[in-house]
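# Chain and residue survey
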Amino acid sequence: MGGWRDMSMEALEDQYSPSRWSPRLDRDTIIDAHLAVTAAGTERARASAQTLLHVPYGNGDGEKLDIYFPTDPCETFPVLVYIHGGYWQCLSKDDSGFAAPPLVSQGVAVVAVGYDTAPEGHMDAMVQQVRRSLVFLVEQYPRIRGIYLCGHSAGAHLAAMVLSTDWTEFQEVPEIKGAVLVSGVYDLEPILHTYVNDVLNMSREVAQRNSPMRHVTPAVPAACEVFVAVAQHDSPEFRRQSQEYSQALRAAGWSVSLLDLAGVDHFDIIEKLSEDSYVLTQVILNMISRA
């Protein structure tokens, strides 16, 4: 078959261990640094923005949202929904508000979505939770003018699964106008053969059912704009996944751009969203302004 199937278990674990690929910091330091940066950025965002924290969108322990409102809200406003990473088993919405300041200052609300991570949560449930969080938002906030998704790593996977949703089983259809998918995993099958699945405990059937690569739907005329971003210092497997998923979307008629960002790794590619001048911050603002 070639590719990841021909790799040794050790090689495959390396490929799906993002901390091993950064030239900035060693693998033991970079995770702690990432946690510190996102926590400090979220603290700054909460201090400067009007917020509603821990808003329940369901009954589950993790089913809560943090909302950062625009500094000068208009009658209606766009919303960026941020879905955190952490390999579906760590991190939370509580450290996911760091991207808010440059956006709320430009009239965009930011919502950080919580979901039940493993081992309490399982993959099917996480995907459904993120979908239901969007339905909740449009039901509760009729002033929303378009939803834009942004997910990092595992969060990019969950955002991509949202793009494949059959909304007929929900009572509302969120108006998703754009998506920025950052350093994501779009085919879960290789994950089955790594340490990541020790906690997720996915079967092959669950992995296939929840792999966006296997569920790319034909684009409808109003399909949203998608940006698939990947870091220069992501692993070759992460880079391959982003390239192949963007190609699959394009083949299905989606408006998609692959952004290969130089000089960043799996972690600072998303951390820099706290900066007004950062390329992905500008991509998001430009995408919203075009809609």
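The structure displayed is predicted, hence computed values, not measured ones.

Moving on to the overall build of the chain. The number of helices and strands found in the chain is 10 helices and 8 strands. For a compact globule of 291 residues, the expected C-alpha radius of gyration is about 19 Å, and the chain comes in at 18 Å, within 12% of that figure. By the burial criterion, 55% of the 291 residues in the chain qualify as buried. Counting only contacts in the chain whose residues sit at least 6 apart along the sequence, the fraction spanning at least 24 positions is 76%. Just so you have it, the chain exposes about 12200 Å², and 50% of that area is on carbon and sulfur atoms.

Before going further, it helps to examine the pattern of salt bridges. A full pass over the atoms with the stated rule returns 18 salt bridges. The salt bridge partner of R20 is D14, with a shortest N-O separation of 2.1 Å. Under the relative-accessibility criterion, D14 is labelled partly exposed at 27%. A salt bridge links K177 to E175, with the shortest nitrogen-to-oxygen separation between them at 3.8 Å. Since its relative accessible area comes to 26%, K177 is described here as partly exposed. The exposure class assigned to E175 is partly exposed, which follows from its relative accessible area of 47%. Members of the salt-bridge network, linked through shared partners, are R5, E189, R204 and R214.

Under the counting rule described, the total for this entry stands at 0 disulfides. With no disulfide of its own, C224 has C150 as its nearest cysteine by sulfur position, at a separation of 13 Å.

With that out of the way, let us pick up the environment of E10. With respect to the helices and strands, E10 occurs in helix 1 (residues 9-15). For the pair E10 and T194, spaced 184 residues apart in sequence, the C-alpha separation works out to 8.6 Å.

In this structure, V81, W88, L149, L163 and L181 are the most contacted members of the largest nonpolar core, which totals 61 residues. Listed in part, the 32 residues of the second largest apolar core include L103, V180, L261 and I269.

Attention now goes to helix 8 (residues 236-251). In this model, helix 8 (16 residues) spans 22 Å end to end at C-alpha, consistent with the 22 Å of a helix rising 1.5 Å per residue. If you check which residues of helix 8 are buried, you get E237, F238, R239, R240, Q241, S242, Y245, S246 and L249. For helix 8, the elements touching its buried residues are helix 1, helix 5 (154-163), strand 6 (176-182), strand 7 (225-231) and strand 8 (255-261). Positive backbone phi, approximately 95 degrees, marks G253, located one or two places after helix 8.

Let's shift gears to the packing of aromatic side chains. Tallied over the full model, the rule gives 7 aromatic pairs. Members of the aromatic cluster, connected to one another through ring pairs, are Y87, W88 and Y195.

This next bit is on the pairing of strand 5 (residues 144-152). Each regular strand carries side chains that alternate between the two faces of the sheet. With respect to burial, strand 5 is a largely interior element, 8 of its 9 residues being buried. The pairing of strand 3 (residues 77-83) with strand 5 spans 6 bridges and is classified as parallel. Bridge pairing links F77 to I144 in strand 5. Inspection of the sheet shows strand 5 paired to strand 6 by 6 bridges, in the parallel sense. Paired with Y148 across the strands is G178, a residue of strand 6. Regarding topology, helix 5 serves as the crossover connection from strand 5 to the parallel strand 6, and that connection is right-handed.

To continue, consider the sheet that holds strand 7. Ordered in space as 1-2-4-3-5-6-7-8, the 8 strands form an open sheet in which the pairing is mixed. Only two strands of the sheet have a single neighbouring strand rather than two, namely strand 1 (51-56) and strand 8. Neighbour to neighbour, the strand axes of the sheet diverge by 20 degrees on average, direction disregarded.

This part takes up the side chain of S96. Here S96 lies in the loop between strand 3 and helix 3 (100-104). Other than its neighbours up to four places away in sequence, S96 contacts T42, Y82, H84 and A112.

Quick notes on the rules
Residues numbered from 1 in each chain as written. Predicted model: local features only at pLDDT ≥ 70, side-chain atom pairs only at ≥ 80, totals over all residues. Heavy atoms only, no water. Helix = DSSP H or I, 4+ residues; strand = E, 2+ residues; numbered from the N terminus. Rg over C-alpha atoms; globule rule 2.2 N^0.38 Å. Buried < 20%, exposed > 50% of the residue type's maximum accessible area, 1.4 Å probe, protein only. Contact = heavy atoms within 4.5 Å. Areas by Shrake-Rupley, 256 points an atom, 1.4 Å probe, with all protein chains shown as cover. Salt bridge = Lys/Arg side-chain N within 4 Å of Asp/Glu carboxyl O. Disulfide = S-S within 2.5 Å. Core = buried A, V, L, I, M, F, W, Y, C linked by side-chain atoms within 4.5 Å. Expected span 1.5 Å × (residues − 1). Phe/Tyr/Trp six-rings, centres within 6.5 Å; stacked < 30°, edge-to-face > 60°. Pairing = 2+ DSSP bridges. Right-handed = clockwise from strand over helix to strand, strands pointing away. Axes fitted to C-alpha atoms, helices over the stretch in contact; angles between N-to-C directions.

Everything listed here is a matter of geometry and, on its own, says nothing about what the molecule does.
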